[in-house]
Amino acid sequence: MSSVKDSVLTRLSENKDKFTSGQTLANELSVTRCAIWKAVCGLRKDGYVIESVSNKGYKLHESDILSEAEIKSHLKTSIPPKIIVFDSIDSTNSKAKEYAANGHKETTLIIANSQTNGKGRMGRTFYSPKDTGLYMSLLYTTSQPLENAVSVTTAASVAVALAIEEMTGSPAQIKWVNDVYMDGKKVCGILTEAMLGLDGDGENIIIVGIGINITTKTFPEELADKAASTGTLSGSRCMLAAKIIDRLIYFIENPSEKTHMGEYRKRSLLDGKKVRLICAGNEFFGTAMGISDDGGLIFLPDGEENCKVIRSGEVSVRFNN
């Protein structure tokens with residue numbers, strides 16, 4: 001029965017702006033009208049709003065339930081990923097790594113309604129309450145060297161920023177290397193993890209984890225003055241996920257173009273600012289001078305004349321020079 005329910009949801013998602021008759025659905029799925037009715041009842045029980053009108057059929061109204069069918073209905077990429085949806089999970093990145101360790105190579109989007117142990121950079125956790133955010137990881141294989149992971153992170157930052165701007169009408173900025181900000185507060189964190197291919201075929205594994213606060217109103221005390229939410233979207237979380245993945249897959253599939261770097265630089269939060277940099281356990285002070293073509297931070301240390309390109313580390317803005 002669940003497969004009929006999923007198939008009905010897929011058809012209704014694909015035709016969201018119009019009615020689809022029960023007989024048409026029954027014919028397409030090779031089931032009875034009764035099976036269609038039971039599937040619709042099941043979807044309504046799950047929280048979907050489905051309008052039914054005699055002699056017209058069924059119409060799915062916009063909802064904010066995360067589902068494979070709805071995400072697929074919004075995707076425009078010609079190479080869509082496999083989609084796996086969880087209501088709750090410890091970490092989408094951890095699940096992606098588990099799949100990779102078991103030999104999974106198909107490009108896959110793992111998405112969850114909440115995380116109990118969301119992963120952030122530097123071993124931190126990402127606060128991931130139920131229903132109020134978007135938590136997902138894209139797993140894919142590549143022949144590119146693992147050192148290119150920082151470039152993937154910048155591409156993901158741009159994909160998120162553009163999608164947020166499109167669906168909120170408000171500007172977003174990017175704090176090198178992986179955080180998206182709105183109005184001076186962090187609304188999204190990105191964690192890219194790279195794994196060496198296990199079977200010696202020259203293909204490596206990249207996992208891009210993305211966590212976005214959308215309608216979260218309260219945060220833990222340690223985050224209260226640093227984190228914020230995007231606010232109301234002009235569509236569903238499924239639509240936001242699809243817009244991000246469409247762009248990210250394009251950037252991944254066209255690495256030599258680096259078309260995202262111009263958009264990244266336009267949104268760079270650090271350019272010209274005095275910063276504190278922690279790299280490999282060491283602390284440095286200086287000025288952020290820009291972003292290199294491969295996504296590194298161009299950094300001028302205090303008291304020096306030559307810039308360095310930093311490709312990993314943690315940055316905070318200095319307010320007392």
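Below or above, wherever it landed, is the structure these notes cover. (Residues numbered from 1 in each chain as written. Predicted model: local features only at pLDDT ≥ 70, side-chain atom pairs only at ≥ 80, totals over all residues. Heavy atoms only, no water.)

With respect to the pattern of salt bridges
Per the stated rule, a full pass over the model turns up 20 salt bridges. Across the pair K5 and D46 runs a salt bridge, and its minimum N-O distance is 2.9 Å. Here K5 is found in helix α1 (residues 2-14), whereas its partner D46 is found in helix α3 (residues 33-46), with 41 residues between them in sequence. Across the pair K72 and E68 runs a salt bridge, and its minimum N-O distance is 2.8 Å. Residue K72 and its partner E68 are both found in helix α4 (residues 68-74); the two are separated by four residues, about one turn of the helix. Beyond isolated ion pairs, a larger network of salt bridges with shared partners links E165, E263, K266 and R267. (Salt bridge = Lys/Arg side-chain N within 4 Å of Asp/Glu carboxyl O. Helix = DSSP H or I, 4+ residues; strand = E, 2+ residues; numbered from the N terminus.)

Quick notes on the environment of G189
Structurally, the position occupied by G189 is in strand β10 (residues 185-195). With relative accessibility at 11%, the residue G189 sits in the buried group. Once the C-alpha coordinates of G189 and K175 are considered, the two residues, 14 residues apart in sequence, prove to be 9.9 Å apart. Beyond its immediate sequence surroundings of up to four residues, G189 is in contact with F126, N178, D179, G209, I210 and G211. (Buried < 20%, exposed > 50% of the residue type's maximum accessible area, 1.4 Å probe, protein only. Contact = heavy atoms within 4.5 Å.)

A look at the sheet that holds strand β15 (residues 308-310)
As summarised here, the arrangement of the five strands in space is β15-β14-β13-β12-β16, forming an open sheet in which the pairing is antiparallel. One side of each edge strand has no neighbouring strand; the edge strands of this open sheet are β15 and β16 (314-317). Averaged over all pairs of adjacent strands, the angle between strand axes in this sheet comes to 45 degrees, irrespective of strand direction. Here strand β12 (residues 274-279) pairs with strand β13 (residues 282-291) via six bridges, running antiparallel. Bridge pairing in β13 places L277 opposite F284. (Pairing = 2+ DSSP bridges. Axes fitted to C-alpha atoms, helices over the stretch in contact; angles between N-to-C directions.)

Considering the sheet that holds strand β9 (residues 179-182)
Judged by pairing direction, the sheet is mixed, and its seven strands sit side by side in the order β3-β4-β7-β11-β10-β9-β8 without closing on themselves. Each end of this open sheet is capped by a strand with a single partner; those strands are β3 (82-86) and β8 (173-175). Adjacent strand axes in the sheet meet at a mean angle of 20 degrees, parallel and antiparallel pairs treated alike. Across three bridges, the pairing between β8 and β9 is antiparallel. Note on β9: the bridge partner recorded for K175 is D179. Against the sheet, helix α5 (residues 92-101) engages β3, β4 (108-112), β7 (133-142), β10 and β11 (204-213), with an angle of about 25 degrees to β7. Strand contacts of helix α7 (residues 237-253): β4, β7 and β11, with the helix running at about 25 degrees to β7, the strand carrying the most contacts.

A closer look at the packing of aromatic side chains
Taken as a whole and judged by the stated rule, the model has three aromatic pairs. Relative to Y135, the ring of F126 lies with its centre 6.5 Å away and its plane at 65 degrees, an arrangement referred to as edge-to-face. Look at F126 and you get buried, because its relative accessible area is 14%. Aromatic pair Y250 and F251: ring centres 6.1 Å apart, planes at 65 degrees, arrangement edge-to-face. On the basis of relative accessible area, Y250 is assigned to the partly exposed category, the value being 39%. (Phe/Tyr/Trp six-rings, centres within 6.5 Å; stacked < 30°, edge-to-face > 60°.)

Interpretation in functional terms is not warranted from these geometric data alone.
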